[in-house]
Amino acid sequence: AGNSQFAIRNSKKMLVTTELEFGYTAERRFRFAPLELGRGERLLLLGESGCGKTTLMHLLAGLRTPTSGEVSIDGEKLGDLAQRGRLDEFRGQHVGIVFQQSHLLRALTVAENLRSAQFFAKKEQDDAAIEKLLGDLGLGDKSGRYPYELSIGEQQRVAIARALINRPSLILADEPTSSLDDRNCREVVRLLIEQSEAHGAALAIITHDGRLKSEISRQIQVSATS
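All chains use their own residue numbering, which begins from 1 and follows the written sequence. The predicted nature of this model means local features are confined to residues of pLDDT at least 70 and side-chain atom pairs, given and counted, to a pLDDT of 80 or more, with totals for whole chains, interfaces and linings taken over all residues. The basis for every side-chain value is the complete set of non-hydrogen atoms in the structure, without hydrogens or water.

Q: Kindly report on the packing of aromatic side chains, identifying the contributing residues and their values.
A: Pairs were defined over the aromatic rings of Phe, Tyr and Trp, the Trp ring being its six-membered one, requiring ring centres within 6.5 Å. Orientation was assigned from the angle between planes: stacked under 30 degrees, edge-to-face over 60, tilted for the rest. Applying the stated rule across the entire model yields five aromatic pairs. Relative to Phe30, the ring of Tyr24 lies with its centre 6.2 Å away and its plane at 90°, an arrangement referred to as edge-to-face. Seen in terms of ring centroids, Phe119 and Phe120 are 5.3 Å apart; in terms of plane orientation they differ by 75°. Their pairing is edge-to-face. For the pair formed by Phe119 and Phe120, the shared burial category is exposed. The classification of residues rests on relative accessible area computed with a 1.4 Å probe and restricted to protein chains. Under 20% of the type maximum is buried, over 50% is exposed, and intermediate values are partly exposed.

Next up, the structure:
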């Protein structure tokens, strides 16, 4: 792996939010309850459409800047990293994100999509790690395929592989099962849990999919006040 500018902390808390607020307009604002997630812990963030789940996920990942409040990952404040111009690199190295849609690069093969994740995180290309991870996810024979040649379930597994390839300490999944049938839903959740355990990563799944309630015991209802 390439050199990291970010020291790994010894704190047990991987994710901490305080006084987190975000406003799209003066009338449409969200205020979120404080949140803590420790190393290796799993959390299900539940809520119906419009409650601010995706907004919260974007704040946790540093994809949006809070109007007020702070998000800390592994002891690093995302606001401070953004001011120093290091947020993108930190996120690439320490946060794995699985979106509702796979957002794979169509012009790249499966393996090339994972290599691109290594490149943008300033990690050395590691084809052996890519091959092993794809094998673990049942995609060992798909490395040379393009996204359009894969099923929806396979595409989501590739998206999980891309999120995991840099061995993140925090995995965030935004509605990862909403477009999947029951069998693929169970498979994706099983893979997320297995891989988070294998990497010692904290896992937060944000969803309105009630099928996941039986898979992760710690659950929080997202009910942001406006």
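Next, the rest of the story.
Q: Describe the pairing of strand E4 (residues 42-46), listing the residues and the values that go with them.
A: Strands here mean DSSP runs of E at least two residues long; helices mean DSSP runs of H or I at least four residues long; both are numbered from the N terminus. Judged by how many residues are buried, E4 sits mostly within the fold: four of five residues are covered. A pair of strands is treated as paired once DSSP finds two or more bridges between them. Note that E4 and strand E9 (residues 202-207) share five bridges and pair parallel. Counted as the bridge partner of Leu46 is Thr207 from E9. Sheet topology note: the E4/strand E10 (residues 219-221) ladder contains three bridges and is parallel. Bridging across to E10, Leu46 finds its partner in Gln221.

Q: Give a detailed account of the side chain of Thr177, specifying residues and quantitative values.
A: Along the chain, Thr177 turns up in the loop between strand E8 (170-174) and helix H7 (182-199). At 2.8 Å, the side chain of Thr177 and the side chain of Asp209 are in polar contact. By definition in these notes, contact holds between two residues if any of their heavy atoms fall within 4.5 Å. Not counting chain neighbours up to four residues away, the residues in contact with Thr177 comprise Cys185, Val188, Val189, Asp209, Arg211 and Leu212. Within 3.5 Å is the distance limit for a polar contact, defined as a pair of N or O atoms, with the added protein rule that one can donate a hydrogen and the other accept it, and that residues adjacent in sequence qualify only through two side-chain atoms.

Q: Describe the pattern of salt bridges, with residues and values.
A: A pair is scored as a salt bridge if a Lys or Arg side-chain nitrogen falls within 4 Å of a carboxyl oxygen belonging to Asp or Glu. Summed over the entire model, instances satisfying the criterion amount to 16 salt bridges. Linking Arg218 and Glu41 is a salt bridge whose minimum nitrogen-to-oxygen distance equals 3.3 Å. Of the two residues, Arg218 sits in the loop between E9 and E10 while Glu41 sits in the loop between strand E3 (35-38) and E4, which places them 177 residues apart along the sequence. The class for Arg218 is partly exposed, based on a relative accessible area of 32%. Residue Glu194 is joined to Arg190 by a salt bridge in which the shortest nitrogen-to-oxygen separation is 2.6 Å. Note that Glu194 and Arg190 are positioned in helix H7 at a spacing of four residues, about one turn of the helix.

Q: How would you sum up the state of the cysteines? Please name residues and give values.
A: Disulfides are covalent bonds that link the sulfur atoms of two cysteine residues. Disulfide assignment relies on a single distance test, namely cysteine sulfur atoms paired within 2.5 Å. As enumerated under the stated definition, the model contains zero disulfides in all. No disulfide involves Cys51; its sulfur sits 18 Å from the nearest other cysteine sulfur, which is in Cys185. On the basis of relative accessibility, which here comes to 13%, the residue Cys51 falls in the buried class. On the basis of relative accessibility, which here comes to 3%, the residue Cys185 falls in the buried class.

Keep in mind these numbers describe shape, not what the thing actually does.
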